[in-house]
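Coordinates in review
The residues making up each chain are set out below.
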Amino acid sequence: MTDYSLHLESLTKIFGRRLVFDKLTYNFLPGKVYGISGPNGSGKSTLSKIIAGIITPTTGKVLHKSNAKIVKPEELHNLIGFVSPYLVLYDEFTAHENLLHFARIRGVKLDSGREDDLLNKMGIYNRRNDLVKAYSSGMKQRLKFVFALLHNPKLLILDEPTSNLDNSGKDAVYELLKSELHDNVIIIASNEDGDLAKCNEVIYLENYKIKNGQ
Amino acid sequence: MIKAFYLFKKDWESELRTRYAINALAMFILVAISVILFSIGQEKISEYLTGGLLWVVIFFSAMSGLARAFVSEEERGTTITLHLIAAPSTVFSGKLIFNLILVFMMNAAISILFSLLFDAFVIKNLMLFILAFIFGNIGIAISSTIISAIIAKANTKGTLYPVLSFPILLPLILILMDLTKLAMDGESVSSSFTNIAALVCYDVIMGTASYLLFDFIWKE
């Protein structure tokens, strides 16, 4: 079993005067796919960003534990893979250049074998040397999965992962989820039935709270 | 530090392809110096005035080019990507290296153009001017980088940069003008020690405060 787990402790987020959610507490265990669902504006994306450390909660804590130790915020980025429609890669670089820059900035050597494997699985291997600005929105979404998985993250956060994807793209994503789950934690924030069907547990956000765990 | 270097490398390669900041800076420098030349006409101006004008041009050039460090990431929507690949200290260091290179290139070009185009711009103690130039550029780069991070998320980026940078850069520009005047008079480095020490203090304080503040600015 992996040594990674994720704990939300009494999370509250307020934007200006608008309460998004109030005192959310939940534990995410390794080897499981979790879904976050709820109506528009219920805070799915906000919760995803808070878990990824992109924004901070108003109150409460997100604890990422590895080897029974709490992961320091400055080391968090190497533990997390993140995909969302609002994630943007660098248009002026090719897919390969993007991935090379990201690996170097992370301080790791680019694993060419894994890069080729993921590009192949996502069906964009033949376009790896094209500038990203020439990609369609679906191809950009496929590249984001390679970006999210290349460094073997322990926590994979997918916010509306199948948006912009055709049926073959969705199948590729679902296959990837199966092969990459191992003992990691995967969180899918979505309202798509197809996405939620792949989850072991679904958290439903409504009226600022977790309504139920299915 | 190596991670920050690679972040700088990514920015530099991106800049060479998009010419986001370099073109804006080059055009601003050319326009600013041309306007000064046209407005002076055949008038004789004092050497102290050329020293002052040099730092005025540098101050406004910094506003037009150096603010791009974080603003360009925010405008393209790549800020989240940066969040996901690097620690805040790496991001700040990488952007600072980029602005340092840009500010040294920009100010070297402005200084060379001034010495070629203005007869009155004569530096008698070059060593003193070079010292002021080096520490001044470091101060401008640090201040511009942290101001850029602050304004990146605002809706009124264009107007906010001059408003924020004026009180932050003013003490630096005043010291630099003073040191340039002393360099034009041929004063020795040792007699200008107080001004150089103030310049170094400014750099150290701004650098430390920026690193401490950046975590909070970056997260929200």
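These figures come from a predicted structure and were not determined experimentally.

Here the focus is the overall build of chain B. Across its full length, chain B carries 9 helices and 0 strands. Whereas a compact globule of 220 residues would reach a radius of gyration of roughly 17 Å, chain B reaches 18 Å, a difference of no more than 12%. In terms of overall dimensions, chain B has a C-alpha envelope of 55 × 35 × 30 Å along the principal axes. Each of the 220 residues in chain B was classed as buried or not, and the buried ones make up 44%. Of the contacts made within chain B by residues no fewer than 6 positions apart, 88% connect residues no fewer than 24 positions apart.

A word on the interface of chain A and chain B. Listed as interface residues are 20 residues of chain A and, on the opposing side, 21 residues of chain B. Elements that contribute at least two residues to the side of chain A that touches chain B include exactly β6 (80-83) and α2 (95-106) of chain A. Residue composition of the side of chain A that touches chain B, by class: 12 nonpolar, 4 polar and 4 charged.

Residue and element names in this part refer to chain A. Spatial ordering of the open sheet is given by β2-β1-β4-β5, a layout of 4 strands whose pairing is antiparallel. The open sheet has two edge strands with one neighbour each: β2 (18-28) and β5 (69-70). The sheet contacts of helix α1 (residues 44-52) involve β1 (4-15), β2 and β4 (59-66), and relative to β1 the element is tilted by about 125°.

Time to look at the packing of helix α6 (residues 88-117) of chain B against helix α9 (residues 193-219) of chain B. Residues and elements named next belong to chain B. Two numbers describe how α6 lies on α9: the axes approach to 9 Å, and their chain directions differ by 115°. The handedness of the crossing between α6 and α9 is right-handed. Counted together, P88, S89, V91 and F92 of α6 and S210, Y211, F214, D215 and W218 of α9 form the full contact between these two elements. Of the residues that constitute the contact of α6 with α9, the class distribution is 6 nonpolar, 2 polar and 1 charged.

Turning our eyes to something else, we now look at unusual backbone geometry. All names here are of chain A. Of note, S10 is a non-glycine position whose phi angle comes to about 50°, a positive value. As for its position among the elements, S10 is in strand β1. The backbone of K23 sits at a positive phi, close to 50°, despite the residue not being glycine. Note on placement: K23 falls in strand β2.

What follows is about the confidence of the model for chain B. In the predicted model, chain B carries a mean pLDDT of 89, and 99% of its residues have values of at least 70. At the level of chain-chain contacts, confidence expressed as ipTM amounts to 0.89, with global pTM at 0.90.

Residues and elements named next belong to chain A. Because side chains alternate across β6, one face comprises the buried residues I80 and F82, and the other comprises G81 and V83, equally buried. For β6 and strand β7 (residues 155-159), the ladder comprises 4 bridges, and the chain directions are parallel. Within β7, the residue paired with V83 across the bridge is L158.

Turning our eyes to something else, we now look at the packing of α6 of chain B against helix α7 (residues 126-151) of chain B. Residues and elements named next belong to chain B. Viewed as axis vectors pointing N to C, α6 and α7 meet at an angle of 135°, and their least axial separation amounts to 9 Å. Of the possible angle classes, the one that applies to α6 and α7 is oblique. Like other packed secondary-structure pairs, α6 and α7 cross with a definite hand, here right-handed. On the side of α6, the interface is formed by F92, K95, L96, N99, L100, V103, F104 and N107, while α7 contributes F133, N137, I138, I140, A141, I142, S144 and T145. Classifying every residue of the contact of α6 with α7 by side-chain character gives 10 nonpolar, 5 polar and 1 charged.

Calculation notes
- Residues numbered from 1 in each chain as written.
- Chains lettered and ligands numbered in written order.
- Predicted model: local features only at pLDDT ≥ 70, side-chain atom pairs only at ≥ 80, totals over all residues.
- Helix = DSSP H or I, 4+ residues; strand = E, 2+ residues; numbered from the N terminus.
- Rg over C-alpha atoms; globule rule 2.2 N^0.38 Å.
- Buried ≥ 20, exposed ≤ 12 C-beta atoms within 10 Å, placed from the backbone.
- Contact = placed C-beta atoms within 7 Å.
- Nonpolar A, V, L, I, M, F, W, Y, C, P; charged D, E, K, R; others polar.
- Pairing = 2+ DSSP bridges.
- Axes fitted to C-alpha atoms, helices over the stretch in contact; angles between N-to-C directions.
- Left-handed = near helix turned anticlockwise from the far one by under 90°.
- pLDDT = per-residue confidence, 0-100.
- Parallel < 35°, antiparallel > 145°, perpendicular 65-115°, else oblique.

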